[in-house]
Amino acid sequence: MTNSEGVTPKRSASSFSLSPGFWLKLVVVGLIDAAFIAAIPVLVANQSWMLFGLLGLNVLLINWAYLSPRSNAGKWLAPGLVFVTIFVVWPIIYTGYVSVTNWATGNVLSQQQVITNLENEVIRVEGEGTNLELAIYDGPEGLAFLARQPDGATYFGIARQSSEEPIEDALIDTTGIDLTGDLPDVINDYSKLGLRELLGIAGQIEALVLDIPGGVIQAQTTSSARLIQAGQRYKYDAETDTLYDALRDVTCVTERGNFVCDGQRLDPGWRVVTGFDNYQRIFGDQRIRAAFIKVFNWNIVFAVMSVLLTFSLGLALANALQHDKMRGKAFYRSIFIIPYAIPAFLSIIVWRGLLNANFGQVNALIESLGGSGVPWLTDGTWAKIAVLGVNTWLGFPYMFLIMSGALQAIPNELKEAAMVDGASAWRVFRSITLPLLLVSTAPLLIGSFAFNFNNFVLIFLLTDGGPAVIGAPVPVGETDILISFTFDLAVNSGRGNNFALGSAIVIMIFVALAAISAFSFRFTKRLESIYGN
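Predicted, not measured: the structure shown is a model, and the values here were computed from it.

So, on to the environment of aspartate 189. Turning to its location among the elements, aspartate 189 is positioned in the loop between strand E6 (186-187) and strand E7 (190-192). Accessibility expressed as a relative area gives 60% for aspartate 189, which makes it exposed. For aspartate 189 and leucine 315, which are 126 residues apart along the polypeptide, the C-alpha to C-alpha distance reads 80 Å. The residues touching aspartate 189, leaving out its near neighbours within four places in the chain, are Asp138, Gly139 and Pro140.

Listed below in structure tokens is the structure:
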């Protein structure tokens, strides 16, 4: 609204409207603030400082966007920025953090958790136990021991196999039961075993123990047991950051996320930042570097060929259906969409069966025509051809749909003018149709390249990266792409998990894709400047 002088007055900061919408906004923002405040103790206890900072910034952004009178545009942008921060920025930052640590099997816990676990480990003094009188009972939770020391002290509780984990509350309360004379035949729901029953389990008795505070009671015969005292094996000294091993009488020092005792690493270890060790390992370790370069080269070929094949086939089919004399266009369009309508993972599994060298229908068809069977999934070269073929089958409907719409957007006047000037059909396609198509579809081709560069599902379900490269020092297959190679190296190698090394490769994939995408978008911009008008 303007005043009599034609000037629009600025909105006063105090001109808040106390409408229901304002109160609803205030309640929602208050709930978000309350949830963040409630999460602070958990984040601090877990030392999740990066997540704490990220959530704090998002909460401040939401408060500013919805409570400040000068954030008219911010309130519309804030939800998107919050989701981008949480679901895009945060995973990238966290993956980058993991890539500079030693996070792997054996180094998953924090240092305090490792110290707590080690200090809970006990050592038992063998050969110095006290002999006790023993009776064995059977009850609803299995066998139970009643052991009595010479001084009259008794222990009654659930026995376990010595190879099993200790039972923290194994002892059963016997308050009110007279255990001073002959041992009773029944205690609560437990009945004392007779001689015949004891003979039936005689072979198992020596493996049974009863957990008591500070040690265990181990059966020796059906009527006697031995009390074995236990003590703490490890003790941590916070001042010197060392760990004392009472069993070996050595002091263990910390070294890159582990305690080291007399040159021997003690497991488990904890997570520490190790800098760029994982990146140096990728390029410095010949075993990983050779496999990485081999996989990277095939990954580039796979992504580029997948885009070219799907683009070419989709464009050819769309161009054919543009012809005025073409009949049954609706029927052909429906047929071409079928691969797109079936879930991709089902199609891939079906293709895996069809391409089976011994029982697949593809080889059966070739052999019925007089040819010989093809080792589609067991030979490196044929496996790559099979991967590209199946991916083309899966991807061409998408390109067909895109090209059908893009071709209809190109003015016919341009083509007709070129034909009047004597241009051939190929020249019209090469000089007019294709450049104009690329202007509108280049961003989609870049996206398709990025998708295929990380097409883990296709590789995993069709070939599982195989066939394996014979003699390779690390697990790698002929059709592995970087993401499946990373999965094998970090998770599926059978040698434990190595999340840090896998994260380093993922960051490198991200950087490579970002660089290729940036270059491609610059190329697209040039096309727009040339053909856009």
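This paragraph deals with the pairing of strand E9 (residues 215-219). Counting buried residues in E9 gives four out of five residues, a clear majority hidden from the surface. Sheet topology places strand E8 (residues 208-212) next to E9; four bridges connect them, and they run antiparallel. Bridged to valine 209 within E9 is glutamine 218.

Our focus in this paragraph is the packing of helix H9 (residues 329-341) against helix H12 (residues 380-408). One way to put it is that H9 packs onto H12 with a least axis distance of 6 Å and a crossing angle of 135 degrees. Comparing their axes, H12 and H9 come out oblique. By crossing handedness, the relation of H9 to H12 is classed as left-handed. Across from Arg333, Phe336, Ile337, Pro339 and Tyr340 in H9, the residues of H12 making contact are Trp393, Phe396, Pro397, Tyr398, Phe400, Leu401 and Gln408. By residue class, the composition of the contact of H9 with H12 is ten nonpolar, one polar and one charged.

The full count for this structure, using the stated rule, is six salt bridges. Residue arginine 256 pairs with aspartate 277 through a salt bridge whose shortest N-O separation is 2.1 Å. Pair noted here: arginine 256 is in the loop between strand E13 (250-254) and strand E14 (259-261) and aspartate 277 is in helix H7 (residues 277-284), with a separation of 21 residues, a long-range link. A relative accessible area of 28% means that aspartate 277 is categorised as partly exposed.

Once that is clear, we can look at the state of the cysteines. Evaluated as defined, the whole model comprises one disulfide. Each sulfur in the disulfide pair cysteine 252 and cysteine 261 lies 1.9 Å from the other. The chirality of the disulfide connecting cysteine 252 with cysteine 261 is right-handed, given an S-S dihedral of about 105 degrees. Accessibility assignment for this pair places cysteine 252 and cysteine 261 in one class, buried.

Okay, the nonpolar core next. In globular proteins that are soluble, nonpolar side chains generally tend to be buried together. Ranked by size, the top nonpolar core spans 38 residues in total, and within it Ile282 and Phe485 carry the most contacts. Looking at this core element by element, the count peaks at ten residues for helix H8 (residues 286-321). With 18 residues, the next largest nonpolar core counts Ala159, Ala170, Leu193 and Ile212 among its residues.

Position of asparagine 452 among the secondary structure elements: in helix H14 (residues 425-453). Relative accessible area serves as the criterion here: at 5%, asparagine 452 is assigned to the buried category. A distance of 2.9 Å separates a polar side-chain atom of asparagine 452 from the backbone oxygen of serine 448.

Attention now moves to unusual backbone geometry. Put simply, aspartate 267 and proline 268 share a cis peptide bond, and its omega is 0 degrees. By the secondary structure assignment, proline 268 is in the loop between strand E15 (264-266) and H7. Residues other than glycine seldom take positive phi values, yet arginine 256 does so here, at roughly 50 degrees. We classify arginine 256 as exposed; its relative accessible area is 52%. Here aspartate 464, not a glycine, exhibits a phi torsion of approximately 55 degrees, which is positive. Its location among the elements puts aspartate 464 in the loop between helix H15 (456-462) and helix H16 (482-490).

Moving on to the confidence of the model for the protein. Per-residue confidence for the protein gives a mean pLDDT of 85; residues scoring 70 or more make up 92%. Of all secondary-structure elements in the protein, the lowest mean pLDDT belongs to strand E1 (residues 122-124), at 66, while H15 reaches the highest, 94. Low pLDDT (under 50) marks residues 4-14, which in the prediction has seven contacts with non-local residues, meaning those over four places away or in another chain.

Conventions we followed
- Residues numbered from 1 in each chain as written.
- Predicted model: local features only at pLDDT ≥ 70, side-chain atom pairs only at ≥ 80, totals over all residues.
- Heavy atoms only, no water.
- Helix = DSSP H or I, 4+ residues; strand = E, 2+ residues; numbered from the N terminus.
- Buried < 20%, exposed > 50% of the residue type's maximum accessible area, 1.4 Å probe, protein only.
- Contact = heavy atoms within 4.5 Å.
- Pairing = 2+ DSSP bridges.
- Axes fitted to C-alpha atoms, helices over the stretch in contact; angles between N-to-C directions.
- Parallel < 35°, antiparallel > 145°, perpendicular 65-115°, else oblique.
- Left-handed = near helix turned anticlockwise from the far one by under 90°.
- Nonpolar A, V, L, I, M, F, W, Y, C, P; charged D, E, K, R; others polar.
- Salt bridge = Lys/Arg side-chain N within 4 Å of Asp/Glu carboxyl O.
- Disulfide = S-S within 2.5 Å.
- Core = buried A, V, L, I, M, F, W, Y, C linked by side-chain atoms within 4.5 Å.
- Polar contact = N/O pair within 3.5 Å; in protein donor to acceptor, adjacent residues only side chain to side chain.
- pLDDT = per-residue confidence, 0-100.

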